Amino acid sequence: MQQPNANPNHLPEGFSYQAKALSAQKSLDLFYYLQQHLNWQQPSIKVYGKSHVIPRLQCFIADPNVNYGYSGSQLIVEPWPAVLDAMRKRLTAQLQIPFNALLVNLYRDGQDCMGWHSDDEKELGQQPTIASISLGAERKFKIKHKHTNEQHDLILQSGSCLIMNGHSQRDYQHCLPKQQRLKHPRINLTFRSIR
Ligand SMILES: O=C(O)CCC(=O)C(=O)O
């Protein structure tokens, strides 16, 4: 297996990282606002037929006509808070992608995590573009090629934007591993376009 690649400039095709998409102050203000005001849930998902609560909190925000379930969990749909609707509109204009849904994850500390997966649900289409904004604690993000196992590590900083597009979901998996010693929370916003 190849060594993880910590240099964000050497991310595989389909992944691009911008460290300072939002200012430090804006990221912090938005983090506290969302932590307090979103309707956080801890849904269960089915893994090999067994139900487990997910190891993080979530909130799914979308336009009224959007219907999205993943790993067998149908998420409650929340309306867009004004601040996130404004961010969605900016990203839509910038990337020319009609984002109509947003999955928000709250990792309460380093025990919370997300396992290896690809965002390849059929509702996202063939080559989905996902815009992923990080707020709060820095976390390690891992990318692994599905066939060669080649790995890349990236540190997601507060205020950063990671874009995943092209064949990133077809060819790679990604995850947010546990970081046992980390005591601080992080919020991640993934803007999606669902058919
Ligand atoms: O928290 C992160 O940066 C990862 C989120 C993620 O992989 C997802 O929502 O599919």
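All of the points below concern the structure found in this document. Every chain is numbered independently, its residues counted from 1 as its sequence is written. Given that this is a predicted model, residues contribute local features only at a pLDDT of at least 70 and side-chain atom pairs are listed and counted only at 80 or more, while totals for whole chains, interfaces and linings are drawn from all residues. Think of the side-chain values as coming from all heavy atoms in the structure, minus any hydrogens and water.

A few points about the site of the ligand
And then number 1: Proximity is defined per residue: if any heavy atom of the residue lies within 4 Å of a molecule or strand, that residue is considered near it. In the vicinity of the ligand, the contacting residues are Asn105, Tyr107, Met114, His117, Asp119, Leu156, His174, Leu176, Arg186, Asn188, Thr190 and Arg192.
And then number 2: Here a polar contact is recorded for every N or O atom pair within 3.5 Å, except that within protein the pair must consist of a potential hydrogen donor and a potential acceptor, and residues adjacent in sequence are included only if both atoms are side-chain atoms. His174 has a polar side-chain atom sitting 3.1 Å from an oxygen atom of the ligand.
And then number 3: In this structure, Asn188 approaches the ligand through a side-chain N or O atom, which is 3.3 Å from an oxygen atom.
And then number 4: In isolation the ligand offers 300 Å² of accessible surface; the protein chains occlude 98% of this area. What sets the accessible areas is the Shrake-Rupley method with a 1.4 Å probe; for residues, cover comes only from the shown protein chains.

Some details on the pattern of salt bridges
And then number 1: Take a side-chain nitrogen of Lys or Arg and a carboxyl oxygen of Asp or Glu: if they are within 4 Å of each other, that pair is a salt bridge. In the structure shown here, the tally under the stated rule is 9 salt bridges.
And then number 2: One salt bridge connects Asp120 with Lys146, and the closest N-O pair in it is separated by 3.9 Å. Of this pair, Asp120 sits in the loop between strand S9 (114-117) and strand S10 (130-136) while Lys146 sits in the loop between strand S11 (139-145) and strand S12 (151-156); the two residues are 26 residues apart in sequence, bridging distant segments of the chain.
And then number 3: When salt bridges with common partners are traced through the structure, they connect Asp63, Asp85, Arg88 and Lys89 into a single cluster. Think of it this way: any DSSP run of H or I at least four residues long counts as a helix, any run of E at least two long counts as a strand, and we number them from the N terminus.

Describing the nonpolar core
And then number 1: As used here, the term nonpolar core means buried Ala, Val, Leu, Ile, Met, Phe, Trp, Tyr and Cys residues forming a set that is joined through side-chain atoms within 4.5 Å. Buried residues are those whose accessible area, probed at 1.4 Å on protein chains only, stays under 20% of the maximum for their type, while exposed residues exceed 50% and partly exposed ones sit between those limits. Counting 26 residues, the largest nonpolar core has Val104, Leu135, Ile187, Leu189 and Phe191 as its most contacted members.
And then number 2: Contributing elements (two or more residues each) for this core: helix H1 (24-37), strand S4 (57-62), helix H2 (82-95), strand S8 (101-107), S10, strand S13 (161-164) and strand S15 (186-192).
And then number 3: Note on contacts: a residue pair qualifies if any of its non-hydrogen atoms lie within 4.5 Å across the two residues. Among residues more than four places away in sequence, those in contact with Val104 are Leu38, Trp40, Leu57, Gln58, Cys59, Ile61, Ile187, Asn188 and Leu189.
And then number 4: By size, the runner-up hydrophobic cluster in this structure holds 14 residues, among which are Phe15, Phe141, Leu162 and Met164.

Description of empty space enclosed by the protein
And then number 1: In the cavity and pocket records, a cavity denotes points on a 1 Å grid over the protein atoms alone where a 1.4 Å probe fits but cannot get out, a pocket denotes an open set with protein on both sides within 12 Å along at least 5 of 7 lines, and lining residues are residues with an atom within 4 Å of a point. Grid points are joined across faces, edges and corners, and a volume is the space filled by probe spheres set on the points. Taken as a whole and judged by the stated rule, the model has 1 cavity of 30 Å³ or more.
And then number 2: The volume enclosed by the largest cavity comes to roughly 190 Å³.
And then number 3: As for the largest cavity, its lining consists of 21 residues, and the residues nearest its centre are Met114, His117, His174, Asn188 and Thr190.
And then number 4: Broken down by secondary-structure element, the contributors of at least two residues to the lining of the largest cavity are S8, S9, S13, strand S14 (172-176) and S15.
And then number 5: Grouping the amino acids of the lining of the largest cavity by side-chain chemistry returns 11 nonpolar, 6 polar and 4 charged. All residues other than Ala, Val, Leu, Ile, Met, Phe, Trp, Tyr, Cys, Pro, Asp, Glu, Lys and Arg, Gly among them, are scored as polar; the first ten of these are nonpolar and the last four charged.

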